[in-house]
Amino acid sequence: MLRTDRLFEIINILRSARSPMSAAQIATHLEVTPRTVYRYIATLQSMRIPIEGAVGIGYVMRKGYNLPPLNFSEEELESIVVGIGLLARTGDASLQSAAQRVLSKIESSRIPSDSLRVSGWGISTPAPSQMETLRSAIRQEQKLQIDYVSLDHKHTRRVILPIVLTYYVEVAVLSAWCTMRQDFRNFRIDRIEACLPLDAFFQGEAKALRARMEREQPELGGASQTGD
């Protein structure tokens, strides 16, 4: 989570809290140390955000403070609610958690979230940390080392440049440039046995790689074209 995201998250945590929250409680939500929370609180207070409290007492948000409103139409709000519901099918727990935070930031009272329902049937839930690692690597354009089992049960270890994560009905697929094959490959997430971010990046290349993949191998958009 970026520093700016954490600052906004602290605002939302304090806005929804019914009693003062300690730095330790906030730190648990953000998965950081209390000392980091103290710095964030000081930053927000310096920006004239009406947070009151002190170390050892707890923090509260002064009543009446709101973030700028998000002006969605009724239909746009419905699309958000349905889209968030569909995330349950991806098996990506960290995305689902982020989606719930999105709901807390919009005027959800205008569209009761239980009035539009989506079946949760979909991808078997993989390890949440793995999905988060893959998405993070795509964002940061970071190389990964993966241990992969192909459909014919061959085990390989390879270094890849991850560029696209696609959620199908029953499986999630990672598209990447494979350094071993020197070509684009799709990797089924449920067949990645281990995934290790490397201290190596391909920053500035991902967009061109995606365009090249679409141009040279459009068939890789299908889940059947998996890594060999």
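Procedures and definitions
Residues numbered from 1 in each chain as written. Predicted model: local features only at pLDDT ≥ 70, side-chain atom pairs only at ≥ 80, totals over all residues. Heavy atoms only, no water. Helix = DSSP H or I, 4+ residues; strand = E, 2+ residues; numbered from the N terminus. Axes fitted to C-alpha atoms, helices over the stretch in contact; angles between N-to-C directions. Parallel < 35°, antiparallel > 145°, perpendicular 65-115°, else oblique. Contact = heavy atoms within 4.5 Å. Phe/Tyr/Trp six-rings, centres within 6.5 Å; stacked < 30°, edge-to-face > 60°. Buried < 20%, exposed > 50% of the residue type's maximum accessible area, 1.4 Å probe, protein only. Pairing = 2+ DSSP bridges. Polar contact = N/O pair within 3.5 Å; in protein donor to acceptor, adjacent residues only side chain to side chain. Core = buried A, V, L, I, M, F, W, Y, C linked by side-chain atoms within 4.5 Å. Salt bridge = Lys/Arg side-chain N within 4 Å of Asp/Glu carboxyl O.

## Thoughts on unusual backbone geometry
Of note in this structure, Glu31 is not a glycine but carries a positive phi near 60°. For Glu31, the location among the structural elements is in the loop between helix 2 (23-30) and helix 3 (34-46).

## Comments concerning the packing of helix 1 (residues 3-16) against helix 3
Two elements in contact, helix 1 and helix 3, have axes separated by 10 Å at closest approach and are oriented at 80°. Comparing the axis directions of helix 1 and helix 3 gives the class roughly perpendicular. Across the interface between the two elements, Arg3, Arg6, Leu7, Ile10, Ile11 and Leu14 of helix 1 pack against Tyr40, Ile41, Thr43 and Leu44 of helix 3.

## Focus on the packing of aromatic side chains
Applying the stated criterion across every chain, the model contains two aromatic pairs. Arranged with centres 5.0 Å apart and planes meeting at 85°, the rings of Tyr148 and Phe187 form a pair that is edge-to-face. On the criterion of sequence distance, the pair formed by Tyr148 in strand 3 (residues 142-149) and Phe187 in strand 6 (residues 183-188) is long-range, its members being 39 residues apart. Accessibility assignment for this pair places Tyr148 and Phe187 in one class, buried. Here the aromatic rings of Trp177 and Phe184 are separated by 5.1 Å at their centres, their planes lie at 80°, and the arrangement is edge-to-face.

## Considerations on the sheet that holds strand 4 (residues 155-167)
Strand-to-strand pairing in sheets goes through backbone hydrogen bonds, with the strands running parallel or antiparallel. Read from one edge to the other, the open sheet built from five strands follows the order 6-5-4-3-7, with strand pairing classed as antiparallel. Two strands lie at the open edges of the sheet, namely strand 6 and strand 7 (192-201), each paired on one side alone. Recorded for the sheet is a direction-independent mean angle of 45° between the axes of neighbouring strands. Helix 7 (residues 206-216) contacts strand 4, strand 5 (172-178) and strand 6 of the sheet and is inclined by roughly 90° relative to strand 4.

## A word on the side chain of Arg135
Mapped onto the elements of the fold, Arg135 is located in helix 6 (residues 128-140). Polar contacts involving the side chain of Arg135 include one to the side chain of Asp92, which spans 2.8 Å. Those residues within four positions of Arg135 in sequence are excluded, and the remaining contacts are Asp92, Ser94, Leu95, Leu165 and Tyr167.

## Some thoughts on the nonpolar core
The biggest cluster of nonpolar side chains holds 19 residues, and the ones touching the most others in it are Ile10, Leu14, Ile26, Val37, Ile41, Leu44 and Ile51. Elements supplying a minimum of two residues to this core: helix 1, helix 2, helix 3 and strand 2 (58-61). Looking at which element gives the most residues to this core, the answer is helix 1, with five residues. Setting aside its immediate chain neighbours within four residues, Val37 contacts Ala23, Ile26, Ala27 and Val32.

## Focus: the pairing of strand 5
Along a regular strand, successive side chains alternate from one face of the sheet to the other. Of all seven residues making up strand 5, seven are buried, and the element is well covered by its neighbours. Pairing between strand 4 and strand 5: seven bridges, direction antiparallel. Residue pairing across strands places Thr166 opposite Val173, the latter belonging to strand 5. Hairpin remark: strand 4 followed by strand 5, antiparallel, with four residues in the connecting loop. Counted along the chain from strand 5 to the antiparallel partner strand 6, the turn is four residues long, and its residue Gln182 has a positive phi close to 50°.

## A closer look at the pattern of salt bridges
Overall, the coordinates contain seven salt bridges when judged by the stated rule. Between Arg157 and Asp147 there is a salt bridge, with the nearest N and O atoms lying 2.6 Å from each other. Of this pair, Arg157 sits in strand 4 while Asp147 sits in strand 3, and the two are ten residues apart along the sequence. Accessibility expressed as a relative area gives 54% for Arg157, which makes it exposed. Across the pair Asp190 and Arg188 runs a salt bridge whose closest N-O atoms are separated by 2.7 Å. Judged by its relative accessible area of 22%, Arg188 falls in the partly exposed class.

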